[in-house]
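Notes for the structure review
So the chains spell out like this:
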Amino acid sequence: MRHPPYRWADTLNFLSARAVPGVERVERGAYLRTVWLLDKAGNPHYGWIRVTCRTQKGLLDVTLSDTLIPVSSQVLARVRRFSTSTATRM
């Protein structure tokens, strides 16, 4: 996902100030969050994501737990929507 120049430090400050304990946190330049999504059949999938930024290139790297692979397209769509909205707000 590309949004140069991406203001990652500002985004992390925004997320950190609003983080829900036990659900999400910011640490060492990364945003970490637990995730719960339903697949198309209605089956729940639980896991975590980790989002980091290659600041020089404006690229976001998303790592997700194996348990979220069946809903990875949903996870990436949500990260993309969020990153687009924060990039335009900051």
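Look up a bit, the structure's there.
The shown structure was predicted, so the numbers you read here are calculated from the model rather than taken from an experiment.

1. Considerations on the overall build of the protein chain
A tally of helices and strands in the protein chain yields 2 helices and 4 strands. For the protein chain, the proportion of its 90 residues judged to be buried stands at 32%. Sequence-distant contacts, at least 24 apart, represent 39% of the contacts inside the protein chain between residues at least 6 apart.

2. What to know about the pairing of strand S2 (residues 30–38)
Here strand S1 (residues 24–27) pairs with S2 via 4 bridges, running antiparallel. Note that in S2 the partner of Arg 25 across the bridge is Leu 32. Between the antiparallel neighbours S1 and S2 lie 2 residues, among them Arg 28 with a positive phi of about 50°. As paired strands, S2 and strand S3 (residues 44–54) are joined by 8 bridges and run antiparallel to one another. What sits directly across from Leu 37, in S3, is His 45. Remark: 5 residues form the turn of the hairpin made by S2 and S3, two consecutive strands paired antiparallel; Gly 42 in that turn has positive phi of roughly 90°.

3. Things to note about the pattern of salt bridges
Overall, the coordinates contain 4 salt bridges when judged by the stated rule. Salt-bridge contacts for Arg 54 lead to Asp 61; the nearest nitrogen and oxygen are separated by 2.9 Å. The exposure class assigned to Arg 54 is partly exposed, which follows from its relative accessible area of 42%. Since its relative accessible area comes to 26%, Asp 61 is described here as partly exposed.

4. A few points about the sheet that holds S3
Strand order in the open sheet made by the 4 strands is S1-S2-S3-S4, with antiparallel pairing throughout. Whereas interior strands pair on both sides, the edge strands pair on one side only; in this sheet they are S1 and strand S4 (59–64). Geometrically, the sheet is characterised by an average inter-axis angle of 25° between neighbouring strands, direction not taken into account.

5. Focus: the packing of aromatic side chains
Evaluated as defined, the whole model comprises 1 aromatic pair. Arranged with centres 6.2 Å apart and planes meeting at 45°, the rings of Trp 36 and Tyr 46 form a pair that is tilted. Taken together, the positions of Trp 36 in strand S2 and Tyr 46 in strand S3 put the pair 10 residues apart, joining distant regions of the chain.

6. Here's the deal with helix H1 (residues 8–18)
For H1, the full list of buried residues reads Trp 8, Thr 11, Leu 12 and Leu 15. One side of H1 holds all its buried residues, which, seen down the axis, span an arc of 95°. Among the exposed residues of H1, those oriented more than 90 degrees off its buried face are Ala 9, Asn 13 and Ala 17.

Reading the values: rules and limits
- Residues numbered from 1 in each chain as written.
- Predicted model: local features only at pLDDT ≥ 70, side-chain atom pairs only at ≥ 80, totals over all residues.
- Heavy atoms only, no water.
- Helix = DSSP H or I, 4+ residues; strand = E, 2+ residues; numbered from the N terminus.
- Buried < 20%, exposed > 50% of the residue type's maximum accessible area, 1.4 Å probe, protein only.
- Contact = heavy atoms within 4.5 Å.
- Pairing = 2+ DSSP bridges.
- Salt bridge = Lys/Arg side-chain N within 4 Å of Asp/Glu carboxyl O.
- Axes fitted to C-alpha atoms, helices over the stretch in contact; angles between N-to-C directions.
- Phe/Tyr/Trp six-rings, centres within 6.5 Å; stacked < 30°, edge-to-face > 60°.
- Arc of directions from axis to C-beta.

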